[in-house]
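# Fold and geometry: a report
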Amino acid sequence: MQKPSNVAQHLLTTEVLVVGGGFAGVAAAIAAAKAGRQVCLVESRAYLGWELFATLRPWLTAAEHEKLNELFNWTDKTYTSDSTSGEQAVIPDACKLLLEDVLLAHGVKLLYYAHVIGWEQEEAGCRVEIAGKFGRRYICAKALIDATQDGRLVRCLPTSARRSLAEATPYRTIEFTRVDAQRLQELPMRIPEDITSDFIVHQGHEGSGHLLIEHALPAVADLLSERVGDLDVRAPFFSMTLARWLFEHHPAFAKATLATSSYELTLPPLWRLTGSNNANLAEKCLTPVGEVPLAAFYAQEGLWVASGCADLADDTAQAIATDLITLLQLGTAIGQRCAQSCGELQITRPVATYEPPIFHRAVETLVIGGGTSGASAAITAAETSDTLLVEMNSGLGGTGTIGGVNSYWYGQRDKFSGEVSRLVADEHAWMGIRDSAGRWNVEAKMFALLKAACRANVDIIFRSMLVNVCVNEAGAVTGVVVLTPDGLLHIDTKVTIDATGDGDVAVLAGADYVYGAKRDAATMWYSMAPVTRPGLPRNNWTSSIDMDDVEDITRAVLSARRRWVGHDHSPYIAPRETRHIQGEVCLTLTDQLRMRQWSDVVYVAFSNHDIKGQSGSDWIRLGLIPPNLEIEIPYRAIVPAGIDGVYVVGKAFSATHDGLPAIRMQADLENLGCVAGIAARLCVAEGVTPQTLPVDTLQQRLTQSGMLAESVCGRSVPDSAPELTEADMRHWVSQLNDAVHLYAYSDMEFDEVRRDPIPLVEVCTAGPAIVPILEEELRQSHSPRRITVAKALAWYGSKAATPVLLAEIARHLQGDELPMRDANIRHTQASPDQGAMPELAYLLHALAMTRDERALDILLPVVECLHPTAERFRDNKSGVFHYVDAVCEIAEAIASPQCVPALEQLHDEALFHDKMLYGPLQADYFEERIAYVEVTIGRALARCGAKRGLQILVNYLRDTRRSLVRYAYHELKDITGKSYPPDAARWQAWLTEVDEIAPKPWYQEKGQT
């Protein structure tokens, strides 16, 4: 279990901190680094170059293209294509990669998803506080450069003010593919002025049918009083009105595809310095409207501004904000000046704390996170409750929209999810999209959800990050603090729905949680979807991410962008699994396999066991891959233990690592969000809290709304399954059959569901009383179920299974290579996905469960026949990953020094040796899986008393991949009994003094995962 601190913790110290990863920020960081300074750049998004990509303006003039090539030495780089208009069309993926590469090449520390929430002037420099999914951290620096478009540091100063043109026109861009260029040339666009007063057509990098239309929104008369968050909500309506007009009225768009739209508006700088002056700065900066003294960009000791948020006139500020050449020159000049003054900096002002503007409001229901569960929760709650929805991205839908996973897998596609599909179908209709098998156009679904939320009177704030949570003396969440585009917002609320997908609210409130798998921190793979062509995202399964660590988040972004490079990547990391917030009930795979019923059931999910990553379940290791199941979700799983006032939905509610794969489907999470919305409505109406809401009242309301079958209301459910009689036990043993492979239970069509009990599950959960019956059956030499019975006995730790398992293993060990998987197991990707192993690997895992030293003789023969190569490891039928895992499990279960030679031979293989990563990224995700295997070998060696194993674990404390650090650290503490912090130097000092270690076998109670 983990409990986080919501007090900001020190992250790093640097000389120059650049806030904002636009072109000016990148230029400033490189200039400071070239001058010999230690530089860190923090960016709130998951990419650099916001001027082109956040606003969807991926085009350059010839002069801008030339300037970029000159400044960053990109002359031989391809990141644009010529267009008929004379512009250079930018390829987003290529340009983002080059921006990252040039920073890394100059030694700049890059941090993504880091939102600045305030800063302090200190005697020795500055301290900047950042927030994100990882909580709150602070960075110490000698000097700061604010290169953000909205003055994230500037607006914290008392010498700044919100300023703007008397009347400003926001712009937005929509992107199309498959436009008929010939028809467009024959019939120019004449868009009615009531749709847009101004538009410009730009050609995309894919050719004449790839168009981007930059269009004006209605002018805003007073941006000083207008909330940027309100503009973010209204803007898509104007863009979609324009898109619909084109589809319905212009023949060139009859077969076109709406690919995407701007994440952010093009706006003039709203925050500006006032009264800035430094007589010692004589230099000037050339802008599109003339020369400007560099002193205008000097805020105070230690703070420079590299954007239009300096002490500038309105027209100058606006001109700088959209002129790439000026931004590059400005960033370079300020980076150089900042580096020069950094060493001689002497803070003359007293110590001071600077915070952005602070606002307050109160609501009845607050939803944090507008993704898969959050959008439906807010829409449902708003039917009878004043509801505010806060979302970190620029649109609703989360993983299914901005995350690029634009299709359903399993899940109950009726109920609220069915309503969502109908709303999306309405948008598809005018786009000319024929609905197909649960897939959708990302823009269509995002807009459908936005329309539904606005119709329900949900108040929405986009691009906002949770900063803190307010908890009263009774342990109830009463409010939150969020960072919005307009400043810090304190929100008081009666009920909060945590739909962040990572349990962010619950974590900051102090809830217990487990990250990934309890033992090894393994998670299902994250996705940052590659967009191979405009509007065509691709789902993917690669590696792990630790959302508790901003450096690991950055590593994951950098790595993902280098996988399947094409048009672009999703701007949003979508993890399949992170934190499991602990409720009074924690759902396990065993609960699902037993088809357990719950008295407080509030939803029934439906899926296959879709685990994308390593499984820690003994069921999977025996070879049982679960069938499609209907799975009851109890109320106690969505209410955090010991925390009131909050519901947790999305994939972070209370379940184990192996309990999550089947209950995380998008359709089910949409419906679960609706359940939480109904529950929140009841809490508000009845004046109760989530901990005190009568569940039967909620169940009645859920049945009335069609979310729950009427049969569950008033149903009598025992707290535990009744004990089996001897006759029952003999019946279930008789149903075991070696001819039916356990993995075959998963061989089902999408619409099939298993409702009959699974014999092996009934046998393995019957309790020790069934062991004599199993042993009796095992003695029948011609029994048609002898192997399966041996596996069941192994589950109970009976050594009676060992001879049968060894004989069957020997039968598979023919020749000098281990057999590959010959079964076709559905939905399998690269190992270890879906638990798809060769039958021999399942047998070895079963043998490990006996904890029998007779298994020692099998270790070296298996290792000698492994022949691990990179090619074989990547082959998902070779079983290399699983064979090593099984050998290590046998060794850990026995924990004998006699296991060490086989394990050392494994570690001596080049494939499994010294796989640590110390750099900022790793494009090849197989390398991470191989490194996981090395940690597993180290773990097994250490448990067998080998100091070499501890050294492997200590080495991985230095690794860049945070999930592997968690894994190694957990094992070090458990094996040694020491509680040193995860500092490699401290552990190395201890290890140097150790002569030998005692073996420590691994034991885990069966069925708890």
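Computed from a prediction, not measured in an experiment: that's the story for all the values here.

Applying the stated criterion to the full structure yields 65 salt bridges. One salt bridge in this structure joins D232 and R463, with 3.0 Å as the shortest N-O distance. Of the two residues, D232 is situated in helix 6 (residues 228-249) and R463 in the loop between strand 23 (459-461) and strand 24 (465-471); the sequence distance between them amounts to 231 residues. For the pair formed by D232 and R463, the shared burial category is buried. The partner of R596 in a salt bridge is D591, with the nearest N and O atoms 3.3 Å apart. Relative accessible area serves as the criterion here: at 32%, R596 is assigned to the partly exposed category. Among the ionic contacts, a cluster of salt bridges with common partners joins K133, D502, D504, D546, D548, D549, R579, K651, R962 and R966.

What follows is about the sheet that holds strand 5 (residues 88-90). Reading across from one edge, 3-5-4 is the order of the three strands in this open sheet, with antiparallel pairing throughout. Sheet topology places strand 3 (59-60) and strand 4 (80-82) at the edges, where each strand pairs with a single neighbour. Relative to strand 5, strand 3 is paired through two bridges, and the arrangement is antiparallel. Residue W59 lies in a different strand from strand 5, and its bridge partner there is A89.

The next thing to look at is the environment of I858. Its place among the elements puts I858 in helix 24 (residues 856-864). Using a relative accessible area of 10% as the deciding quantity, one classes I858 as buried. In this structure, the C-alpha to C-alpha distance between I858 and G949, residues 91 residues apart in sequence, is 21 Å. Setting aside residues up to four positions removed in sequence, I858 forms contacts with L806, I809, L813, L844, L847 and I890.

Below, the discussion takes up the sheet that holds strand 14 (residues 257-261). Pairing is antiparallel across the open sheet formed by four strands, whose spatial order is 12-13-11-14. Sheet topology places strand 12 (199-203) and strand 14 at the edges, where each strand pairs with a single neighbour. Strand after strand, the sheet turns through a mean of 25 degrees between neighbouring axes, direction not considered. Direction of pairing for strand 12 relative to strand 13 (residues 211-216): antiparallel, over a ladder of five bridges.

Scanning all chains against the criterion turns up 23 aromatic pairs. An angle of 55 degrees between the planes, with centres 6.2 Å apart, marks the rings of F873 and F881 as tilted. One exposure class covers both F873 and F881, and it is buried. Members of the aromatic cluster, each reached through a chain of ring pairs, are F176, F247, F253 and W430. The aromatic ring of Y513 is capped on one face by R579, whose charged end is 5.8 Å from the ring centroid. One cation-aromatic arrangement involves R966 over Y515; the distance from NZ or CZ to the ring centre is 4.4 Å.

At the junction of S831 and P832, the peptide bond is cis and its omega measures out at 15 degrees in the coordinates. Tracing the chain through its elements places P832 in the loop between helix 22 (802-812) and helix 23 (839-850). The backbone of L56 shows a phi angle near 55 degrees, a positive value even though the residue is not glycine. With respect to the helices and strands, L56 occurs in the loop between helix 2 (50-53) and strand 3. Accessibility expressed as a relative area gives 11% for L56, which makes it buried. The backbone phi angle of D914 is positive, close to 55 degrees, even though this residue is not glycine. Residue position: D914 is located in the loop between helix 27 (900-908) and helix 28 (925-943).

The rules behind the values
- Residues numbered from 1 in each chain as written.
- Predicted model: local features only at pLDDT ≥ 70, side-chain atom pairs only at ≥ 80, totals over all residues.
- Heavy atoms only, no water.
- Salt bridge = Lys/Arg side-chain N within 4 Å of Asp/Glu carboxyl O.
- Helix = DSSP H or I, 4+ residues; strand = E, 2+ residues; numbered from the N terminus.
- Buried < 20%, exposed > 50% of the residue type's maximum accessible area, 1.4 Å probe, protein only.
- Pairing = 2+ DSSP bridges.
- Contact = heavy atoms within 4.5 Å.
- Axes fitted to C-alpha atoms, helices over the stretch in contact; angles between N-to-C directions.
- Phe/Tyr/Trp six-rings, centres within 6.5 Å; stacked < 30°, edge-to-face > 60°.
- Lys NZ or Arg CZ within 6 Å of the ring centre and 35° of its normal.

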